[in-house]
Amino acid sequence: MKKFFSCSIVVLVLVLVSSFAYADGYPELRGTWVGLVNMISKDGAVKESKAALIIKKQEGNLFTGEKAWFAANKENLVTEGFSGIIGVDGVSLYFTEHEDGYTFGTLNGKEHMSLYYLENGRKAKAIYYQMERIRFARAFVDIDKDGSKTIIRSEVVKVYPLNAERIMREADLNKDGKLSKKEWEEWKKDK
């Protein structure tokens, strides 16, 4: 009976410790997210474009970064900083833009998020973002040494890049600190 009681206490402690560890754990958001953007402005004009979120820093449920997009009437890449919070449920997202507006959203798994941006006033608009984390796959295959081409080991690793700033600097061909659509398209051709 004593042995059973001791084992029960150990199991109970392990369960409690693991539940506390889960309660403090938040999903990892750092990296680059890209996706489609649907916007409606106060005059009823509807536009579709693409945008990127670069989440640079995360500590627990707090994160910060910037969003980037090519505005329809501008030739250069536009960026704006944001700060955010992951809700206690681990899937709700709350952003404040550093210049104007608020974004609310939901994390739909490790690689997808849906975001809803609201801005009032003279530039009033509502925007829906469907974002997916950029990932690269690296893979390797080992073939046995006798040449029979029997695969003895293979692995695919997903890599989530944090190098968006470096890529933007490389793509800025004239090094003026502004990334134009033309520069971006030229840089993509070389990759």
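Conventions used here
- Residues numbered from 1 in each chain as written.
- Predicted model: local features only at pLDDT ≥ 70, side-chain atom pairs only at ≥ 80, totals over all residues.
- Heavy atoms only, no water.
- Pairing = 2+ DSSP bridges.
- Helix = DSSP H or I, 4+ residues; strand = E, 2+ residues; numbered from the N terminus.
- Axes fitted to C-alpha atoms, helices over the stretch in contact; angles between N-to-C directions.
- Core = buried A, V, L, I, M, F, W, Y, C linked by side-chain atoms within 4.5 Å.
- Buried < 20%, exposed > 50% of the residue type's maximum accessible area, 1.4 Å probe, protein only.
- Contact = heavy atoms within 4.5 Å.
- Phe/Tyr/Trp six-rings, centres within 6.5 Å; stacked < 30°, edge-to-face > 60°.
- Lys NZ or Arg CZ within 6 Å of the ring centre and 35° of its normal.
- pLDDT = per-residue confidence, 0-100.
- Polar contact = N/O pair within 3.5 Å; in protein donor to acceptor, adjacent residues only side chain to side chain.

**Structural notes on the sheet that holds strand 8 (residues 125-133)**
Okay, so step 1: The strand order 1-2-3-4-5-6-7-8 describes a closed barrel built from eight strands, whose pairing is antiparallel. Each neighbouring strand pair of the sheet contributes to a mean axis angle of 30°, computed without reference to strand direction.

**Observations concerning the nonpolar core**
For soluble globular proteins, nonpolar side chains are generally found buried alongside one another.
Okay, so step 1: Counting 19 residues, the largest nonpolar core has Leu29, Leu93 and Met113 as its most contacted members.
Okay, so step 2: Looking at this core, the elements that each hand over two or more residues are strand 1 (31-41), strand 2 (46-59), strand 4 (77-86), strand 5 (92-97), strand 7 (112-119) and strand 8.
Okay, so step 3: Here Leu29 is in contact with Ile55, Gln58, Phe63, Ile86, Leu93, Leu107, Met113 and Arg133, once residues within four sequence places are set aside.

**Notes on the pairing of strand 2**
Okay, so step 1: Relative to strand 2, strand 1 is paired through ten bridges, and the arrangement is antiparallel. Across the sheet, Val37 pairs through a bridge with Ser49, a residue of strand 2.
Okay, so step 2: If you look at the hairpin formed by strand 1 and strand 2, you'll find four residues sitting between the two strands, and Gly44 has a positive phi there, around 90°.
Okay, so step 3: When strand 2 meets strand 3 (residues 62-70), the two strands line up antiparallel, connected through eight bridges. Bridge pairing in strand 3 links Ile55 to Gly65.
Okay, so step 4: Between strand 2 and strand 3, which pair antiparallel one after the other, the connecting turn spans two residues, and Gly60 there sits at a positive phi close to 65°.

**What to know about the pairing of strand 3**
Okay, so step 1: Bridge count for strand 3 against strand 4 is nine bridges, and the pairing is antiparallel. Note on strand 4: the bridge partner recorded for Leu62 is Ile85.

**Topic: the packing of aromatic side chains**
Geometry of an aromatic ring pair is reported as the spacing of the ring centres plus the angle between the planes.
Okay, so step 1: Tallied over the entire structure, the rule returns five aromatic pairs.
Okay, so step 2: Centre to centre, the rings of Phe63 and Phe95 are 5.2 Å apart; their planes meet at 75°, and the pair counts as edge-to-face. Of this pair, Phe63 sits in strand 3 while Phe95 sits in strand 5, and the two are 32 residues apart along the sequence. No difference in accessibility class separates Phe63 from Phe95, as the two residues are buried.
Okay, so step 3: Every member of this aromatic cluster is reached through a ring pair, and the members are Phe63, Phe82 and Phe95.
Okay, so step 4: The cationic tip of Lys67 hangs over the ring face of Trp69; the distance from NZ or CZ to the ring centre is 5.1 Å.
Okay, so step 5: Residue placement shows Lys67 over the ring face of Tyr117; its charged tip is 4.4 Å from the ring centre.

**Considering the confidence of the model for the protein chain**
Okay, so step 1: Of the residues in the protein chain, 67% have a pLDDT of 70 or more, and the chain-wide mean is 75.
Okay, so step 2: Every residue in residues 4-23 is under pLDDT 50, and counting partners more than four places away or in other chains gives zero contacts.

**Quick look at the side chain of Glu80**
Okay, so step 1: The topology assignment puts Glu80 in strand 4.
Okay, so step 2: Here Asp100 takes part through its backbone nitrogen, which lies 3.4 Å from a polar atom of the side chain of Glu80.
Okay, so step 3: Setting aside its immediate chain neighbours within four residues, Glu80 contacts Gly65, Glu66, Lys67, Trp69, Glu97, His98, Glu99 and Asp100.

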